Amino acid sequence: MSDRVADAGSALPETEVSPIKSELTDGEWTFRDARHRGFVLQAGRGRAKVADGEIPFVAPCLIWLPAGEGTRLRVDAGSRGMALAVTEVGLARAIPVGPNAGQIRAALMRPIIQARLDMRNARRLADTLESITEEGSSNWPGAQECVRHHLALFVIAAWRLSGPVLRETQPLPRTIVHRFLHAIELHLRDHWTIERYAAEVGVTSDRLNATVRRTTGRSPLALIHARLILEADALLDDSRLQISEIAEELGFHDPAYFSRFYKRHTGQPPNRQRREILRRNGRPVGSFAAWP
C-alpha cells in the first residue's frame, strides 16, 4: 500500500488535476493542506475518512472532500479515475455569480459521495478534469479562463448530484434495510459480496450486518441466499428451462455448483425439486427439462 501525504506549500497552483492510475497495491492519501478535493472514480472502490466517520464508495462515483485537517482517502488496487485539488481562491473564482451561488457554496462545504453515478456521467466528469489539465499546461490564449470555466462545470455537477441523492451521514435502520433489499433485487445475479452491498447502501459491512440482523432476524447473506432459492424455485416451475439454463439465469457459471448450492439450502438437488413441483401441479415428469 502506498501512503501519500499532501502538505501545504507556498507555491501551490490554484487548480491541479492528476490521474488515479491502476496499481497493484492499495493507495491511500492524507490531505493536510487547505485545498478542496474532487475525485471521479471510473473503476474500483475505497473509503473516505472524514470528521463524521468513514464513508465507503464504489465506482463509478463522484467524491468531493472539502478542505479539512487529516482527511484521508483510500482506494483499492486497480482503481482508476481523476483527482482534482483546488484552493479556496480557485474555488471562489469558479463558483458562478448568481442566485445559485449560495447553494453551490453550501453543498461544497460538506463531503459528497455520489455512488450511483452512471458511467456516461462519470466519463463526462473525467473529461472535464482532463480538459483542465490540457488548458492549464498549454500556452493558448485564454487558457486560464478555460480552466476556470471547466472547473465551474465540475462544481456545478457536484452541486447537482448533492441534491436529493446526497448520502446521509447516518441513515436510519429502516433506510439501510430498504436500500439493501432494493440492491438485492437489482444485483441478485451479480453475486456481490456483503462489502459491495454495504458500499452500495452507504454504510460499513459491520453496520449493515448489525442493522439487518436486528431488523429482520437474519443475516444479509441469509437474505441473499433465500432470495436466490426463491428465484430458483420460480424458474424450476418453468419446465421449459434446463437446470444448466436456470443456473446461468441466476448468475452461476457452473451448473454443478448451483446444484450443490441449492441442495445445501433446501436438502435436495434442483432436479428432484423440479419433479416434485411437476407432480404437485399434475404435469408429466419425464420431459427433457427435468434432466439435471
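The model shown is predicted, which means the values in this text are computed figures rather than measured ones.

(A) Looking closely at the sheet that holds strand β4 (residues 36-43). Ordered in space as β2-β9-β4-β7-β10, the five strands form an open sheet in which the pairing is antiparallel. The open sheet has two free edges, formed respectively by β2 (15-20) and β10 (112-114), since each of these has just one partner strand. Ignoring strand direction, the axes of neighbouring strands in this sheet form an average angle of 10°. Bridging between β2 and strand β9 (residues 80-86) involves six bridges; their strand directions are antiparallel. Residue pairing in the sheet places Val 17 in a bridge with Leu 84 of β9. Here helix α3 (residues 119-136) sits on the sheet and contacts β2, β4, β7 (61-65) and β9; the angle it forms with β4, its principal contact strand, is near 130°. Contacts between helix α4 (residues 143-161) and the sheet are confined to β2, β4, β7, β9 and β10, with β7 contributing the most and set at about 105° to the helix.

(B) The arrangement of the pairing of strand β8 (residues 71-75) in detail. By the alternation rule, side chains of β8 split into Thr 71, Leu 73 and Val 75, which are all buried, and Arg 72 and Arg 74, of which none is buried. Examined bridge by bridge, strand β3 (residues 27-31) and β8 share five bridges and lie antiparallel to one another. From the neighbouring strand, Phe 31 faces β8, where its bridge partner is Thr 71.

(C) Representation of the packing of aromatic side chains in the model. This model, assessed by the stated rule, comprises six aromatic pairs. Their ring planes at 55° and their centres at 5.3 Å tell us that Phe 252 and Phe 258 sit as a pair that is tilted. The burial state of Phe 252 is the same as that of Phe 258; both residues are buried. Three or more aromatic residues joined by ring pairs form one cluster here, namely Phe 252, Tyr 257, Phe 258, Phe 261 and Tyr 262. Positioned over the ring face of Trp 192 is Arg 196, at 4.2 Å from the centre of the ring.

(D) Here's a closer look at the nonpolar core. Core analysis: the largest hydrophobic core is formed by 30 residues, its most contacted members being Phe 180, Tyr 197, Leu 208, Ile 224, Leu 250 and Phe 258. Broken down by secondary-structure element, the contributors of at least two residues to this core are α5 (173-187), α6 (194-201), α7 (205-216), α8 (220-236), α9 (243-249) and α10 (255-266). Here the element with the most residues in this core is α8; it accounts for seven residues. Not counting residues within four places of it along the chain, the set of residues in contact with Phe 258 comprises Ala 232, Ile 243, Ile 246, Ala 247, Leu 250, Phe 252 and Pro 270. Counting residues in each nonpolar core, the second largest holds 27 residues, with Leu 62, Leu 125, Ala 126 and Val 147 among its members.

(E) Examining the side chain of Gln 268 more closely. Structurally, the position occupied by Gln 268 is in the loop between α10 and α11 (270-280). Classification of Gln 268 as buried rests on a relative accessible area of 13%. Only 2.4 Å separates the side chain of Gln 268 from the side chain of Gln 273, close enough to count as a polar contact. In contact with Gln 268, other than residues within four places in its own chain, are Tyr 262, Lys 263, Gln 273 and Glu 276.

(F) How the structure looks around the packing of α5 against α8. The N-to-C vectors of α5 and α8 enclose an angle of 40°; their axes lie 11 Å apart at closest approach. The handedness of the crossing between α5 and α8 comes out as right-handed. Where α5 approaches α8, its residues Phe 180, Leu 181, Ile 184 and Glu 185 are matched on the opposing element by Pro 220, Leu 223, Ile 224 and Arg 227. Taken together, the residues of the contact of α5 with α8 sort by class into six nonpolar, no polar and two charged.

(G) Seen up close, unusual backbone geometry. The peptide bond linking Ala 59 to Pro 60 adopts the cis configuration, its omega dihedral lying at -5°. One can find Pro 60 in the loop between β6 (53-58) and β7. The residue His 191 is not glycine, and still its phi comes out positive at about 55°. Along the chain, His 191 falls in the loop between α5 and α6.

(H) Looking closely at the confidence of the model for the protein. Overall, the predicted model of the protein reaches an average pLDDT of 81, with 85% of residues at or above 70. In the model, residues 1-12 has pLDDT below 50 throughout and makes 32 contacts with residues more than four positions away in sequence or in other chains.

(I) Just the packing of α5 against α7, in detail. For the pair α5 and α7, the least separation of the axes is 9 Å and the interaxial angle reads 100°. Looking at the two axes, α5 sits roughly perpendicular to α7. Residues Pro 173, Ile 176, Val 177 and Phe 180 of α5 form the contact with α7, whose participating residues are Arg 207, Leu 208, Thr 211, Val 212, Thr 215 and Thr 216. Tallied by class, residues from the contact of α5 with α7 come to six nonpolar, three polar and one charged.

Reading guide: rules and limits
Residues numbered from 1 in each chain as written. Predicted model: local features only at pLDDT ≥ 70, side-chain atom pairs only at ≥ 80, totals over all residues. Heavy atoms only, no water. Pairing = 2+ DSSP bridges. Helix = DSSP H or I, 4+ residues; strand = E, 2+ residues; numbered from the N terminus. Axes fitted to C-alpha atoms, helices over the stretch in contact; angles between N-to-C directions. Contact = heavy atoms within 4.5 Å. Buried < 20%, exposed > 50% of the residue type's maximum accessible area, 1.4 Å probe, protein only. Phe/Tyr/Trp six-rings, centres within 6.5 Å; stacked < 30°, edge-to-face > 60°. Lys NZ or Arg CZ within 6 Å of the ring centre and 35° of its normal. Core = buried A, V, L, I, M, F, W, Y, C linked by side-chain atoms within 4.5 Å. Polar contact = N/O pair within 3.5 Å; in protein donor to acceptor, adjacent residues only side chain to side chain. Left-handed = near helix turned anticlockwise from the far one by under 90°. Nonpolar A, V, L, I, M, F, W, Y, C, P; charged D, E, K, R; others polar. pLDDT = per-residue confidence, 0-100. Parallel < 35°, antiparallel > 145°, perpendicular 65-115°, else oblique.

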